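# Residue-level structure breakdown
Here is what each chain is made of, one letter per residue.
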Amino acid sequence: MSSMTSGNESLHVDPTFVGQLQRDLELAFNVLSDRCLYESAKWTAEALIGLDLGDDDAPADDADIMQDATVARTQLEYADACDITMFDRMPPSERRKYTLAKACFSCREYDRTVMFLDKCDSPKCMFLRLFAKYISGEKKKEERSEVILGPLDGDSTPNKELAIIIGELEQYFRSSDLSKHDPFLLYLYGIVLIKHKCEKAAVEPLIRSVKLYPYNWGAWLELLACVSTIDQLPSILAQIPASHIMAKMFEVVTSQELFQSTDAVFATLSQLEIVFPNFQFLKVQRALLCYHALEYNESEKLFDTVLTVDPHRLDDMDMYSNILYVTEQRAKLAYLAQLASSTDKFRPETCCIIANYYSLKSEHEKAVVYYRRALTLNRNCLGAWTLMGHEYVELKNIRAAIESYRRAIGVNSKDVRAWYGLGQAYEVIEMYYYSFFYYQRAAALKPYDHRMWVALGNCFEKLQRPTEAIKAYKRALSLSEMEVSILQKLSSLHASIGDVASAARYSQLCKEADTQS
């Protein structure tokens, strides 16, 4: 980033850049709050608190900063950016209605919000009306869905408002000048297209939205939902201002979601941490990158730091509970469950943490109860679907496990745990061709995890395909530290195809590895 000097010991941030970024984030918080986008507004406020503002809470001198604003604007503005205030204009009569509708939205009275804005034509009023209609439709969909994994659960119960919203938005875009499209209406269009299973069509309006107004973090997250493989990321980055700090945030989070714990990703994250040294969101991203790289101790330390600074933060704490589960730290997991429950027992993250605690105690029925509770609160809670699938496997209810994993993939097709879980479930019932397909998908998402290749190798063995099994195990061996079990497999497989020399070589390596361990 041009506003930061690199070097190891003398890293510092251009105060002009930080001063302008502070003002942009403060404006963004007001803009997002005014449109009832509270999650994005919260993220923006946390970013603002996390900024490195030097010795003072504000830039040294606004006059001095404005004299040299050009440098900062190269990172924060570009040709496609719009003046967001132009979409705030509305007649006084509409403004009064908007104030009331906004209050109703804040009280979760979505149908009243729609009613009060019914005859309002300004883009801002149109956004809040259609957004409220969408939320209302989602709420009614949840009410019709009944019990988790019941006959009416899932895609069989659609949001009936989607088609109406899409029709109105398309009419608006056709009838207005391209240069005057409201970035928030483009954002909403992207949301409803994704819900309508049209992810490819959603990319274009979401890219236009973030180009027009980059500080809506919700739009970046919806764009992330459209990225299914790491190969898609360069083409998207080519269409957005890649040097903008929000694009850098998007790049890091997308890489983390796609399990790319590379040096380049960590370098970009380090740059962002220079600008936002106290932004807990970035610390969590680093912790998750370490988690995906199987560096559990480092990830745990980072989560501990986040909890020390913000003990009532529940966002992503279910991932922290996964680490404590894997490392079998029952006492620490019990403390986290108690802390989360005292903060908010009706958050999906809290239910997942408690479920992990019961699972670690091998009380799988109780764990399922809490995962179901998490899904009752939020049917798009990815971790709950996947982990509930694991619990059903433990309970030998393979049919329910498979359905849980399928629902997890429906929420997020990038969830490697769900693909891997499906492979395991079908392997249990000896449907090895199905198992092979799902293990392949898991390996494609996480090709540097040796466990994926071990699973594929085992599947090839069951399908009586020793040559392919050898290739898979060799790939697993190249990604692991000479695991004895993999060497044993390679030795026996080479023996089975008559390659005595290779079998002897792997047998010798196995003995050496066993001696060293």
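Report on the accompanying structure. (Residues numbered from 1 in each chain as written. Predicted model: local features only at pLDDT ≥ 70, side-chain atom pairs only at ≥ 80, totals over all residues. Heavy atoms only, no water.)

## Brief notes about helix α23 (residues 416-428)
- With 13 residues, α23 extends 18 Å between its outermost C-alpha atoms, agreeing within 8% with the 18 Å of an ideal straight helix rising 1.5 Å per residue.
- Its buried side turned inward, α23 meets α21 (382-394), α22 (398-411), α24 (432-445) and α25 (450-462).
- With its phi angle positive at about 60 degrees, Glu430 sits one or two positions after the end of α23. (Helix = DSSP H or I, 4+ residues; strand = E, 2+ residues; numbered from the N terminus. Expected span 1.5 Å × (residues − 1). Contact = heavy atoms within 4.5 Å.)

## As for the packing of helix α8 (residues 162-175) against helix α9 (residues 183-195)
- The contact between α8 and α9 brings their axes to 10 Å, and the two run at 140 degrees. Classed by the angle they form, the pair α8 and α9 counts as oblique. Judged by the sense of rotation from one axis to the other, the crossing of α8 with α9 is left-handed. Listed contacts from α9 to Leu162, Ile165, Ile166, Leu169, Glu170, Tyr172 and Phe173 of α8 are Leu185, Leu186, Leu188, Tyr189, Val192, Leu193 and Lys195.
- Grouping the amino acids of the contact of α8 with α9 by side-chain chemistry returns twelve nonpolar, no polar and two charged. (Axes fitted to C-alpha atoms, helices over the stretch in contact; angles between N-to-C directions. Parallel < 35°, antiparallel > 145°, perpendicular 65-115°, else oblique. Left-handed = near helix turned anticlockwise from the far one by under 90°. Nonpolar A, V, L, I, M, F, W, Y, C, P; charged D, E, K, R; others polar.)

## Here's the deal with the nonpolar core
- If you look at the biggest cluster of nonpolar residues, it comprises 168 residues, and the most contacted ones within it are Leu21, Leu169, Val192, Trp220, Phe250, Phe276 and Phe303.
- Per-element accounting of this core gives the leading share, ten residues, to α9.
- Excluding residues that lie within four positions of it along the chain, Phe303 makes contacts with Val284, Ala287, Leu288, Asp316, Met317, Met319, Tyr320 and Ile323. (Core = buried A, V, L, I, M, F, W, Y, C linked by side-chain atoms within 4.5 Å. Buried < 20%, exposed > 50% of the residue type's maximum accessible area, 1.4 Å probe, protein only.)

## Structural notes on the pattern of salt bridges
- Going through the model one piece at a time under the given rule, you end up with 26 salt bridges.
- In this structure, Arg286 and Glu273 form a salt bridge, with 2.8 Å as the shortest nitrogen-oxygen distance. Of this pair, Arg286 sits in helix α15 (residues 280-292) while Glu273 sits in helix α14 (residues 263-275), and the two are 13 residues apart along the sequence.
- With a relative accessible area of 18%, Arg286 lands in the buried category.
- Counted as one network, the salt bridges with shared partners bring together Glu39, Lys42, Asp315, Arg347 and Glu349. (Salt bridge = Lys/Arg side-chain N within 4 Å of Asp/Glu carboxyl O.)

## A closer look at unusual backbone geometry
- Positive phi outside glycine occurs at Cys36, with the angle close to 65 degrees.
- Structurally, the position occupied by Cys36 is in the loop between α1 (15-34) and α2 (38-50).
- What makes Cys36 buried here is its relative accessible area of 3%.
- With a phi close to 65 degrees, Lys396 is a non-glycine residue in the positive phi region.
- By relative accessible area, Lys396 is classed as exposed at 66%.

## As for the packing of aromatic side chains
- One pass over the structure, following the stated rule, counts 25 aromatic pairs.
- Note on Tyr291 and Tyr296: the rings are 5.9 Å apart at their centroids and 50 degrees apart in plane angle, and the pair reads as tilted.
- Owing to a relative accessible area of 13%, Tyr291 belongs among the buried residues under this scheme.
- Tyr296 sits in the buried class, given a relative accessible area of 18%.
- Chaining the aromatic ring pairs together yields one cluster made of Phe105, Tyr110, Phe127, Phe131, Phe184, Tyr213 and Tyr215.
- Taking the ring centre of Tyr370 as reference, the NZ or CZ of Arg373 above it sits at 4.7 Å. (Phe/Tyr/Trp six-rings, centres within 6.5 Å; stacked < 30°, edge-to-face > 60°. Lys NZ or Arg CZ within 6 Å of the ring centre and 35° of its normal.)

## A few points about the side chain of Ser40
- With respect to the helices and strands, the residue Ser40 is situated in helix α2.
- Once residues within four sequence positions are removed from consideration, Ser40 is found in contact with Leu32, Asn216, Trp217 and Gly218.

## Describing the environment of Ile486
- Tracing the sequence through the fold places Ile486 in helix α27 (residues 484-496).
- Taking C-alpha positions, Ile486 is 44 Å from Trp217, a pair spaced 269 residues apart along the chain.
- In this view, Ile486 contacts His450, Val454, Tyr473, Ala476, Leu477 and Ser480; residues no more than four positions away in its chain are not counted.

## Quick look at the packing of α9 against helix α10 (residues 199-212)
- At a minimum axis separation of 8 Å, α9 and α10 run at an interaxial angle of 160 degrees. Judged by the inter-axis angle, α9 sits roughly antiparallel to α10. Judged by the sense of rotation from one axis to the other, the crossing of α9 with α10 is left-handed. Packed against α9, whose contacting residues are Pro183, Leu186, Tyr187, Tyr189, Gly190, Leu193 and Ile194, the element α10 presents Glu199, Ala201, Ala202, Pro205, Leu206, Arg208, Ser209 and Leu212 at the interface.

## Observations concerning α21
- Between its first and last C-alpha, α21 extends 19 Å over 13 residues, near the 18 Å set by a 1.5 Å rise per residue.
- The element α21 is largely enclosed, with a buried count of ten among its 13 residues.
- Taken together, the buried positions of α21 are occupied by Leu382, Gly383, Ala384, Trp385, Thr386, Leu387, Met388, Gly389, Glu391 and Tyr392.
- Buried residues in α21 make contact with α17 (317-326), α19 (348-360), α20 (364-377), α22 and α23.
- One or two positions beyond α21, positive phi appears at Lys396, with a value near 65 degrees.

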